[in-house]
Amino acid sequence: MLFKSYLSSYLNYLLPRTCVICGLNSQHVNIDLCSYCCKHLPWLKNACYHCGLELQDNNSIKCNKCNDNVPMFNRCCALWQYSPPIPRLMSGLKFGGKLNVAYTCGALLAIAIKTKWYKTQALPEIIIPVPLHRKRLQQRGYNQALEISRPISKALQIPIDVLTCQRIKHTKPQTRLSKVNRVQNLTAAFKVLPHKYQHVALVDDVVTTASTIRAISKALTATGVTHVDIWCVARA
Ligand SMILES: [Zn+2]
Ligand SMILES: [Zn+2]
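Read on for an overview of the structure.

Calculation criteria
Residues numbered from 1 in each chain as written. Chains lettered and ligands numbered in written order. Predicted model: local features only at pLDDT ≥ 70, side-chain atom pairs only at ≥ 80, totals over all residues. Heavy atoms only, no water. Helix = DSSP H or I, 4+ residues; strand = E, 2+ residues; numbered from the N terminus. Buried < 20%, exposed > 50% of the residue type's maximum accessible area, 1.4 Å probe, protein only. Contact = heavy atoms within 4.5 Å. Expected span 1.5 Å × (residues − 1). Polar contact = N/O pair within 3.5 Å; in protein donor to acceptor, adjacent residues only side chain to side chain. Donors = N, O, S within 2.8 Å, 3.2 Å for Na, K, Ca; no water. Phe/Tyr/Trp six-rings, centres within 6.5 Å; stacked < 30°, edge-to-face > 60°. Lys NZ or Arg CZ within 6 Å of the ring centre and 35° of its normal. Tetrahedral: all angles 85-135°; square planar, octahedral: opposite > 155°, others 65-115°. Pairing = 2+ DSSP bridges.

Take the environment of Ala 155 next. Along the polypeptide, Ala 155 turns up in helix α7 (residues 144-156). The partly exposed category is assigned to Ala 155, whose relative accessible area is 37%. Between the C-alpha atoms of Ala 155 and Ala 188, which are 33 residues apart in sequence, the distance is 33 Å. When sequence neighbours within four positions are dropped, the list of residues in contact with Ala 155 reads Ala 110 and Lys 114.

Moving on: α7. Spanning 13 residues, α7 covers 19 Å between terminal C-alpha atoms, matching the ideal 18 Å at 1.5 Å per step. α7 sits mainly inside the fold: 10 of its 13 residues count as buried. Along α7, the positions that sit buried rather than exposed are Gln 144, Ala 145, Leu 146, Glu 147, Ile 148, Ser 149, Pro 151, Ile 152, Ser 153 and Leu 156. The secondary structure elements touched by the buried residues of α7 are α4 (86-95), α5 (99-117), β2 (126-129), α6 (134-140), β5 (199-207) and β6 (227-235). Sitting at the amino-terminal end of α7 is Asn 143, which places a side-chain oxygen 2.9 Å from the backbone nitrogen of Ala 145. Among the residues trailing α7, Gln 157 stands out with phi positive, at a value near 60°.

Turning our eyes to something else, we now look at the coordination of the zinc ion (ligand 2). Reference geometry at the metal: tetrahedral coordination by four donors gives ideal angles of 109.5 degrees; octahedral coordination by six donors gives 90 or 180 degrees. With distances of 2.3 to 2.4 Å, the protein atoms coordinating the zinc ion (ligand 2) are Cys 48 (SG), Cys 51 (SG), Cys 63 (SG) and Cys 66 (SG). Coordination of the zinc ion (ligand 2) draws on donor residues from a single chain, spaced C-x2-C-x11-C-x2-C in sequence.

As a further point, take the environment of Arg 182. The topology assignment puts Arg 182 in helix α8 (residues 179-186). Taking relative accessible area as the criterion, Arg 182 reaches 10% and is therefore assigned buried. Sequence separation between Arg 182 and Ala 210 is 28 residues; the distance between their C-alpha atoms is 9.9 Å.

Moving on, we come to the side chain of His 199. Mapped onto the fold, His 199 is located in strand β5. Here the side chain of His 199 touches Asp 229 through a polar contact of 2.8 Å, side chain to side chain. Those residues in contact with His 199 that sit more than four places away from it in its chain are Ala 122, Leu 123, Pro 124, Glu 125, Ile 126, His 227 and Asp 229.

Throughout the structure, instances matching the rule amount to 2 aromatic pairs. Relative to Trp 80, the ring of Trp 43 has its centre 5.3 Å away and its plane inclined at 65°; by these criteria the two rings are edge-to-face. In this pair, Trp 43 sits in the loop between α2 (35-40) and α3 (64-68) while Trp 80 sits in strand β1 (residues 75-81), placing the two residues 37 residues apart along the sequence. Assessed through its relative accessible area of 25%, Trp 43 is described here as partly exposed. Seen in terms of ring centroids, Tyr 118 and Trp 231 are 5.6 Å apart; in terms of plane orientation they differ by 80°. Their pairing is edge-to-face. Note that Tyr 118 is positioned in the loop between α5 and β2 and Trp 231 in strand β6, a separation of 113 residues in sequence. Here Arg 75 stacks its cationic end above the ring of Tyr 118, 4.7 Å away from the centre of that ring.

Below, the discussion takes up the coordination of the zinc ion (ligand 1). Within the protein, the zinc ion (ligand 1) binds to Cys 19 (SG), Cys 22 (SG), Cys 34 (SG) and Cys 37 (SG); these donor distances fall in the range 2.3 Å. In this structure, the zinc ion (ligand 1) is surrounded by 4 donor atoms whose angles at the metal cover 102 to 116°, and the resulting shape is tetrahedral. All donor residues of the zinc ion (ligand 1) come from one chain, and their arrangement in sequence is C-x2-C-x11-C-x2-C. Overall, the relative accessible area of 9% leaves Cys 37 in the buried class.

On to the pairing of β1. Within β1, 6 of the 7 residues are buried, leaving the element largely enclosed by the surrounding structure. The sheet contact formed by β1 and β6 spans 6 bridges and is parallel. Within β6, the position partnered with Ala 78 by the bridge is Cys 232.

This is the structure:
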């Protein structure tokens, strides 16, 4: 253990960690973010318990939409709003191979889960990263949702399952489609193998219209899951 921490501080000395936003020295252990950038990111402060969108009213815990109609999933926890510089950061993670962004976001999610979102609540029993179709996985070489999940799994001691939930349809990128087409695009896109889970955390990078997480939540609920919690980096 001592050797490991000695080695890690020596490596930090040799290769100082740089901030994923500004490129300056991060001065944090395991988090590549400097104090200035950390303070100025668009942190979600008062989000709706269910959908994770920022609330206008400081006194409520749910938005009007969720009050009328609870979404397919139990709750959605996000670090940031999808506003600058988050889109640039997420595109570096998804298309630029910047895996240190995934590890930094995962480490920050783990802190928020422990100290904020689940202070008095039971943690999910398993982490399922939103799956990529194997063709997209081959193209990209990694699943960013799995890379974000790794530090969370390590910090919270919750295992990751990448086999039970599979994306079986090679769908078009959701961002280029209308809302109706997004739902059609995702119909029967996911398959869930037999399992014994009841409380699942679904991890994704950005949740936009929530159609992907809704489709997976539906598939998980149909196979016996009672609570699906969403942990994501940004909520658009
Ligand atoms: Zn910075
Ligand atoms: Zn809501």
